[in-house]
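# Summary of the model geometry
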Amino acid sequence: QAKASGKARYEVFNREMHTRALTRLKLENDLRRAIDRQEFIVYYQPIICLSTGQISSLEALVRWKHPQQGLVRPDHFIPVAEATGLIIPLGLWVLEKSCNQLKFWQQQAIQRGEIFDITISVNLSVKQFSQPGLIEQIDRVLESLELDSKNLKLEITESAIMDNPDLASEIFQQLKARKIQLSLDDFGTGYSSLSYLHRFPLDILKIDRSFISNLDSMEKNLEVVQAILNLAHHLGMSVVAEGIETQEQLSLLRLLGCELGQGYLFAQPLDPQATETLFLSHPQW
Ligand code: C2E
Ligand code: MG
Ligand code: MG
Ligand code: MG
């Protein structure tokens, strides 16, 4: 009896694993084909300068225009792209596409006789960051578009640094030489080993949205955010608060001296057309 039920359980378990493996394999195949067919679109979410209330940068956030499932969010496919190495061609595509878009918007502004000083922020996965030839790829994209490297910001996570600190140092130096700015994304969710931070020439620290979402509910969270701000400022970095959704959060962050903010209160990630409509309306929060 015991043996029989044990076997049954084993088979159920086995079947589940099998199904999961198949799902994953299908996702991988679909993703491979999607990259060939360029079934992706870059959305843009504004990052706001909290003192002026104006758009400072646009974060490029990729979506998959899936033929059956519609618009698929990156959390669903970036991990698989990362695990299979497909993130390398996909990441390059996002970099090219978003730099190209920025150049287009800059040229449009020139024709209108306006100044356009909004930068572009592009996410780099761990694998992309440690890939040989990253710097050459970036150079090639910027040169072919005649886009000033000061317009580009790169967002990396703590693990991109911690997986290989020596390599990270080397890449950082090369990016610094080009005046490309570096943001540390999702701060507080990873290693949070504060001691290494000062060793790297990071320009911007992005506080993860989990710290911002409960900012108004408890004094303790306020103190944590205050401490992160103090640390970042002490190290010469500016801070972006991610995931600002309420006016109260915005007011608190302004009081605390946070320089930059991003979140649904300002705008969700938008398609290129809606992004253009947004910045052409010269919003001020
Ligand atoms: P991330 O870089 O931390 O981007 C911010 C995420 O927070 C975005 O999710 C954005 O839509 C979401 N967000 C912004 N404001 C709010 C808010 O007020 N409330 C809530 N609930 N969410 C908010 P998204 O676009 O789904 O992207 C998820 C993650 O996927 C990104 O997190 C990034 O790690 C990754 N990702 C997106 N595009 C790329 C890419 O081109 N390359 C790489 N390597 N990763 C990417
Ligand atoms: Mg990011
Ligand atoms: Mg983030
Ligand atoms: Mg994130």
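Located above this text is the structure these notes cover.
From a predicted model like this one, the values you see are computed outputs, not experimental measurements. (Residues numbered from 1 in each chain as written. Chains lettered and ligands numbered in written order. Predicted model: local features only at pLDDT ≥ 70, side-chain atom pairs only at ≥ 80, totals over all residues. Heavy atoms only, no water.)

Another point: the pattern of salt bridges. Under the counting rule described, the total for this entry stands at 11 salt bridges. In this structure, glutamate 155 engages lysine 206 in a salt bridge whose closest nitrogen and oxygen atoms are separated by 2.7 Å. On the criterion of sequence distance, the pair formed by glutamate 155 in strand β5 (residues 152-156) and lysine 206 in strand β7 (residues 204-207) is long-range, its members being 51 residues apart. Since its relative accessible area comes to 2%, glutamate 155 is described here as buried. Relative accessible area serves as the criterion here: at 1%, lysine 206 is assigned to the buried category. For lysine 176, the salt bridge goes to aspartate 203, with nearest N and O atoms at 2.8 Å. Residue lysine 176 is found in helix α7 (residues 165-177), and its partner aspartate 203 is found in the loop between α8 (194-197) and β7; the two are separated by 27 residues along the sequence. Through salt bridges with shared partners, one network takes in Glu59, Glu155, Lys206 and Glu242. (Salt bridge = Lys/Arg side-chain N within 4 Å of Asp/Glu carboxyl O. Helix = DSSP H or I, 4+ residues; strand = E, 2+ residues; numbered from the N terminus. Buried < 20%, exposed > 50% of the residue type's maximum accessible area, 1.4 Å probe, protein only.)

Put simply, the ideal angle at a metal is 109.5 degrees for four donors in tetrahedral geometry and 90 or 180 degrees for six donors in octahedral geometry. Around the magnesium ion (ligand 2), the protein contributes the donor atoms Glu59 (OE), Asn123 (OD1), Glu155 (OE) and Asp185 (OD), at 2.0 to 2.2 Å from the metal centre. Of note, the magnesium ion (ligand 2) draws all its donor residues from one chain, in the sequence arrangement E-x63-N-x31-E-x29-D. Between the magnesium ion (ligand 2) and the magnesium ion (ligand 3), a separation of 4.0 Å is found, and both are coordinated by aspartate 185. Here asparagine 123 is found in strand β4 (residues 119-123), whereas its partner glutamate 155 is found in strand β5, with 32 residues between them in sequence. (Donors = N, O, S within 2.8 Å, 3.2 Å for Na, K, Ca; no water.)

Ligand 1 sits among 25 residues. The nearest are Arg63, Arg73, Asp185, Glu245 and Tyr264. Between a nitrogen atom of ligand 1 and a side-chain N or O atom of glutamine 45, the distance comes to 3.1 Å. Serine 125 is positioned with one of its backbone polar atoms (N or O) 3.4 Å from a nitrogen atom of ligand 1. In isolation ligand 1 offers 800 Å² of accessible surface; the protein chains occlude 89% of this area. Counting residues per element, the ones that place at least two in the shell around ligand 1 are β2 (54-66), α2 (74-84), α3 (87-112) and β6 (181-187). Broken down by element, the residue count for the shell around ligand 1 peaks at four residues, all from β2. Its residues placed into classes, the shell around ligand 1 shows nine nonpolar, six polar and 10 charged. (Near = heavy atom within 4 Å. Polar contact = N/O pair within 3.5 Å; in protein donor to acceptor, adjacent residues only side chain to side chain. Areas by Shrake-Rupley, 256 points an atom, 1.4 Å probe, with all protein chains shown as cover. Nonpolar A, V, L, I, M, F, W, Y, C, P; charged D, E, K, R; others polar.)

Glycine aside, residues mostly have negative phi angles, and peptide bonds mostly take the trans form. Notably, aspartate 186 is not glycine yet its phi reads approximately 55°, a positive angle. Within the element layout of this structure, aspartate 186 appears in strand β6. A relative accessible area of 26% means that aspartate 186 is categorised as partly exposed. Of note, the phi angle at histidine 282 is positive, near 45°, even though the residue is not glycine. On the secondary structure map, histidine 282 appears in the segment after α12 (272-280).

Once that is clear, we can look at the side chain of glutamate 59. Residue placement: glutamate 59 occurs in strand β2. Within the structure, glutamate 59 has its side chain in polar contact with the side chain of lysine 206 (distance 2.9 Å). Glutamate 59 has contacts with Tyr43, Tyr44, Gln45, Ile47, Ser121, Asn123, Glu155, Asp185, Lys206 and Gln262, leaving out every residue within four places of it along the chain. (Contact = heavy atoms within 4.5 Å.)

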